[in-house]
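Okay, here's what each chain looks like letter by letter:
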Amino acid sequence: MESKVKLTGGTLFVIALIVLFLGNARSIEIVEKLDGIQSDVSSLKSEVASYKQQVEILKNENLNLKEQLRSGN
């Protein structure tokens, strides 16, 4: 015997709501993770900028020390 399943409009509506709800919940989770990643990237950019500044300071100190050493000899 072959049984046919008839989906009524109400059943399809409920299925659509479930899919929509689960899809939105997943989208919100993804957006939250992306926001966290963006925050981490911004923090890393800030740290890198700070390290670049420190490197420049150290380079200048190194050049000054080299000049002092040359002028001392």
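The structure under discussion appears in the preceding block.
Keep in mind that what you see is a predicted model, and the values were worked out from it rather than measured. (Residues numbered from 1 in each chain as written. Predicted model: local features only at pLDDT ≥ 70, side-chain atom pairs only at ≥ 80, totals over all residues. Heavy atoms only, no water.)

To continue, consider the overall build of the protein chain. When its secondary structure is counted, the protein chain shows 1 helix and 0 strands. Accessible surface for the protein chain amounts to roughly 7,000 Å². Of this, 62% is attributable to carbon and sulfur atoms. (Helix = DSSP H or I, 4+ residues; strand = E, 2+ residues; numbered from the N terminus. Areas by Shrake-Rupley, 256 points an atom, 1.4 Å probe, with all protein chains shown as cover.)

Another point: the pattern of salt bridges. Applying the stated rule across the entire model yields 4 salt bridges. With a closest N to O distance of 2.9 Å, Arg 26 and Glu 29 form a salt bridge. Taken together, the positions of Arg 26 and Glu 29, both in helix α1 (residues 9-72) and 3 residues apart, correspond to about one turn of that helix. Judged by relative accessible area, which is 47%, Arg 26 ranks as partly exposed. Taking the shortest distance from any N to any O, the salt bridge between Glu 29 and Lys 33 comes out at 3.6 Å. Within this pair, Glu 29 and its partner Lys 33 are both found in helix α1, separated by 4 residues, close to a single helical turn. (Salt bridge = Lys/Arg side-chain N within 4 Å of Asp/Glu carboxyl O. Buried < 20%, exposed > 50% of the residue type's maximum accessible area, 1.4 Å probe, protein only.)

Residues Phe 13, Val 14, Leu 17, Ile 18, Leu 20, Phe 21 and Leu 22 make up a contiguous nonpolar surface patch of about 730 Å² in total accessible area. With respect to the helices, strands and loops of the structure, Phe 13 is situated in helix α1. (Patch = residues over 30% accessible without salt bridge, like charges linked within 9 Å, V, L, I, M, F, W, Y side chains within 5 Å.)

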